[in-house]
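Coordinate inspection notes
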Amino acid sequence: LVYGDLSAETREGIWMHLGELMATFHNIKMIGYGDVGFDGKGAHERYPGVPSEDLDGFLKAEVVSLEEMKALKSYLQSEKVIRMNRNVVESVMIHADLEMDNLFVDRKAAKISAIIDWADLQCGPRSEDFARLYCRLHEDPKCWKALLDGYSKLATPPSIKEIELRTVEL
C-alpha cells in the first residue's frame, strides 16, 4: 500500500476497514500456536475439528475465493494439523504478514479489496497481528486509532499493554 496522494481521511478509512477484516478472521478460533504452513513447524488444531460457520464469515468478507476457502477447510481438518497441536491461552487465525504489499486497496472507497499472501498463516494470540502493525503505525496515531476502532466494531482488541509486550517478543 503506497499512500501517494491519499487524504488522511482515506488512509484512516483503509486502516479502519483492515481492523474490521482482522476481527473477522480473528473470530476463527484455533487451539495451539504456530505456523499453519507446509513446513511442519508449529502446532494447532481447529476445534471441534471441523471448520464451519467461522470460516464462512471470512468468505463473506470476500477476502478469499470459494476454492481457496475449500482448500483451507480441508487443510484445517487434515491429520497433519491435528498432530501439530499444543495448547495456548488464546488461539485464533492470524495472518502474521499484514505488510502493506499484501493489501489491495480500493482507493475511492477507502476499503481493502483483498488480503493476499497467506503463506505465513498461523494460529496464536490476536495480539501478534496487532504487534506487527503497531511497529508500523505507532508514529501515525490516527491510523492506529482507526485500526482499533474498526476492530472494535466486531470484537474486543487486545489491550495496548498486551500488544506492546507482544511487540517486544517479535
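Cut-offs applied
Within any chain, residue numbers begin from 1 and follow the written order of that chain's sequence. Selection of residues for local features in this predicted model requires a pLDDT of at least 70, selection of side-chain atom pairs for listing and counting requires 80 or more, and totals for whole chains, interfaces and linings are taken over all residues. Derived side-chain values reflect all non-hydrogen atoms in the structure, with water molecules and hydrogen atoms excluded from consideration. Numbering goes from the N terminus for both helices and strands, where a helix is a DSSP run of H or I of at least four residues and a strand is a run of E of at least two. For every residue, the accessible area obtained with a 1.4 Å probe (protein chains only) is divided by the maximum for its type, and the residue is called buried under 20%, exposed over 50%, and partly exposed between those limits. Where accessible areas are quoted, they stem from the Shrake-Rupley method and a 1.4 Å probe; at the residue level, only the protein chains shown are allowed to cover. In this analysis, axes come from line fits to C-alpha atoms, helices being fitted only over the stretch in contact, and the angle between any two N-to-C directions falls in the range 0 to 180 degrees. Crossings are classed by handedness, with left-handed meaning an anticlockwise turn of the near helix from the far one by less than a right angle and right-handed meaning a clockwise turn. Any two residues whose heavy atoms approach within 4.5 Å are treated as being in contact. For this classification, Asp, Glu, Lys and Arg are treated as charged, while Ala, Val, Leu, Ile, Met, Phe, Trp, Tyr, Cys and Pro are nonpolar and the rest, including Gly, are polar. Pairing between strands is defined by DSSP: at least two bridges between the two strands are required. Definition used in this section: a nonpolar core is a set of buried Ala, Val, Leu, Ile, Met, Phe, Trp, Tyr and Cys residues joined via side-chain atoms within 4.5 Å. Pairing of N or O atoms within 3.5 Å defines a polar contact, subject to two protein rules: one partner must be a possible hydrogen donor and the other a possible acceptor, and residues neighboring in sequence count only if both atoms are side-chain atoms. Every case where a carboxyl oxygen of Asp or Glu lies within 4 Å of a side-chain nitrogen of Lys or Arg is listed as a salt bridge.

Within the protein, the secondary structure is distributed over seven helices and six strands. Ordering the α and β elements of the protein from the N terminus gives α-β-β-α-α-α-β-β-β-β-α-α-α. Put simply, the protein has 170 residues, and 44% of those count as buried. Carbon together with sulfur atoms contributes 53% to the accessible area of the protein, which is approximately 8900 Å² in total.

What follows deals with the packing of helix H1 (residues 8-26) against helix H6 (residues 141-152). Close contact between H1 and H6 brings their axes to 7 Å; oriented N to C, the two are set at 35°. Viewed along their axes, H1 and H6 form a crossing whose handedness is right-handed. Residues Arg11, Glu12, Trp15, Met16, Leu18, Gly19, Glu20, Met22, Ala23 and His26 of H1 touch H6, and the partners they reach there are Lys142, Cys143, Ala146, Leu147, Asp149, Gly150 and Tyr151. A breakdown of the residues in the contact of H1 with H6 according to their chemical character gives nine nonpolar, three polar and five charged.

Our next topic: unusual backbone geometry. Unlike most non-glycine residues, Ala96 shows phi in positive territory, near 70°. Residue placement: Ala96 occurs in the loop between strand S3 (92-94) and strand S4 (103-106). Within the chain, Ala110 stands out as a residue other than glycine whose phi angle is a positive 55°.

Here four bridges tie S4 to strand S5 (residues 111-115), and the two strands are oriented antiparallel to one another. The residue bridging Asp106 from the neighbouring strand is Lys111, located in S5. The loop that links S4 with its antiparallel partner S5 comprises four residues; one of these, Ala110, has a positive phi angle of about 55°.

A separate point is the environment of Ala8. For Ala8, the position within the fold is in helix H1. For the pair Ala8 and Lys142, spaced 134 residues apart in sequence, the C-alpha to C-alpha distance is 8.6 Å.

Here we come to the environment of Ala109. Mapping Ala109 onto the fold places it in the loop between S4 and S5. Under the relative-accessibility criterion, Ala109 is labelled partly exposed at 43%.

Ranked by internal contacts, the top residues of the largest apolar core, which has 31 residues, are Trp15, Leu18, Met22, Leu133 and Leu147. The set of elements that each furnish at least two residues to this core consists of H1, helix H3 (66-76), S5, helix H5 (127-137) and H6. Of the residues forming this core, the biggest block, seven residues, is contributed by H1.

Let's shift gears to the environment of Asp149. Along the chain, the position of Asp149 falls in helix H6. Residues Asp149 and Glu20, 129 residues apart in the sequence, show an inter-C-alpha distance of 8.4 Å. Within the local environment of Asp149, its side chain forms a polar contact with the side chain of Lys145, the two groups lying 2.7 Å apart.

The next thing to look at is the pattern of salt bridges. Where charged atoms of side chains with opposite charge meet at close range, the side chains can pair. What the rule picks out here adds up to four salt bridges. The partner of Glu99 in a salt bridge is Arg136, with the nearest N and O atoms 2.2 Å apart. With Glu99 in the loop between S3 and S4 and Arg136 in helix H5, this pair connects stretches of sequence that are 37 residues apart. Its relative accessible area of 30% is what places Glu99 among the partly exposed residues. For the salt bridge of Lys145 with Asp149, the shortest nitrogen-to-oxygen distance reads 2.7 Å. Remark: Asp149 and Lys145 occur in helix H6; sequence separation between them is four residues, near one turn of the helix. Judged by its relative accessible area of 30%, Asp149 is partly exposed.

Keep in mind these numbers describe shape, not what the thing actually does.
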